[in-house]
Amino acid sequence: MKHVPLRMCVACRKRRPKGELLRVVLTEGGFLLDPTGKLPGRGAYVCPDNPDCWTEKKLRRFAGARAKALSEALMAHLGGKDGQNTHLPAG
Ligand SMILES: [Zn+2]
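Quick caveat, the model's predicted, so the values are computed rather than measured.

### Notes on the nonpolar core
The biggest cluster of nonpolar side chains holds 20 residues, and the ones touching the most others in it are V46, C53, L59, L70 and L74. Every element with two or more residues in this core is listed here: β3 (22-27), β4 (30-34), β5 (42-46), α1 (56-63) and α2 (67-78). When neighbours within four sequence positions are excluded, V46 is seen to be in contact with C9, V10, L21, L22, V24, C53, W54, L59 and L74.

Printed below as a string of structure tokens:
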């Protein structure tokens, strides 16, 4: 059986296969979302399919003062508000 690397979501602390999580990289300028998982730097992981994990409150423990910006970036990318469900597959 192939080993699946597990990563922990920083918001809900669930362990999931790396491929199911969205990588976030902390840079000097703030957080960058890294859907390809290839950016250098300190990475963290968030559930892309659970809007609860994109909230400022849940991210604060990990991101501190930057939680709000990270929350907004996740929502913009994953479509958590204004019905922009860009993340969901059509059909
Ligand atoms: Zn999560």
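### Topic: the sheet that holds β5
Pairing in this open sheet of three strands is antiparallel, and the strands run β4-β3-β5 from one edge to the other. Since the sheet does not close on itself, it has two edges, and those belong to β4 and β5, each with one partner. Mean inter-strand twist for the sheet, computed between neighbouring axes without regard to direction, equals 35 degrees. Summarising the sheet, β3 and β4 pair through five bridges and their orientation is antiparallel. Its bridge partner lying in β4, R23 is registered against D34. Seen against the sheet, α2 touches β3, β4 and β5 and runs at an angle of roughly 25 degrees to β4.

### Observations regarding a positive patch on the surface
A surface patch of positive charge is lined by R13, K14, K57, K58 and R61. Among the structural elements, K14 can be located in the loop between β1 (6-8) and β2 (15-17).

What counts, and where the lines are drawn
Residues numbered from 1 in each chain as written. Predicted model: local features only at pLDDT ≥ 70, side-chain atom pairs only at ≥ 80, totals over all residues. Heavy atoms only, no water. Core = buried A, V, L, I, M, F, W, Y, C linked by side-chain atoms within 4.5 Å. Buried < 20%, exposed > 50% of the residue type's maximum accessible area, 1.4 Å probe, protein only. Helix = DSSP H or I, 4+ residues; strand = E, 2+ residues; numbered from the N terminus. Contact = heavy atoms within 4.5 Å. Pairing = 2+ DSSP bridges. Axes fitted to C-alpha atoms, helices over the stretch in contact; angles between N-to-C directions. Patch = residues over 30% accessible without salt bridge, like charges linked within 9 Å, V, L, I, M, F, W, Y side chains within 5 Å. Areas by Shrake-Rupley, 256 points an atom, 1.4 Å probe, with all protein chains shown as cover. Salt bridge = Lys/Arg side-chain N within 4 Å of Asp/Glu carboxyl O. Lys, Arg positive; Asp, Glu negative; His and termini not counted. Charge placed at Lys NZ, Arg CZ, Asp CG, Glu CD.

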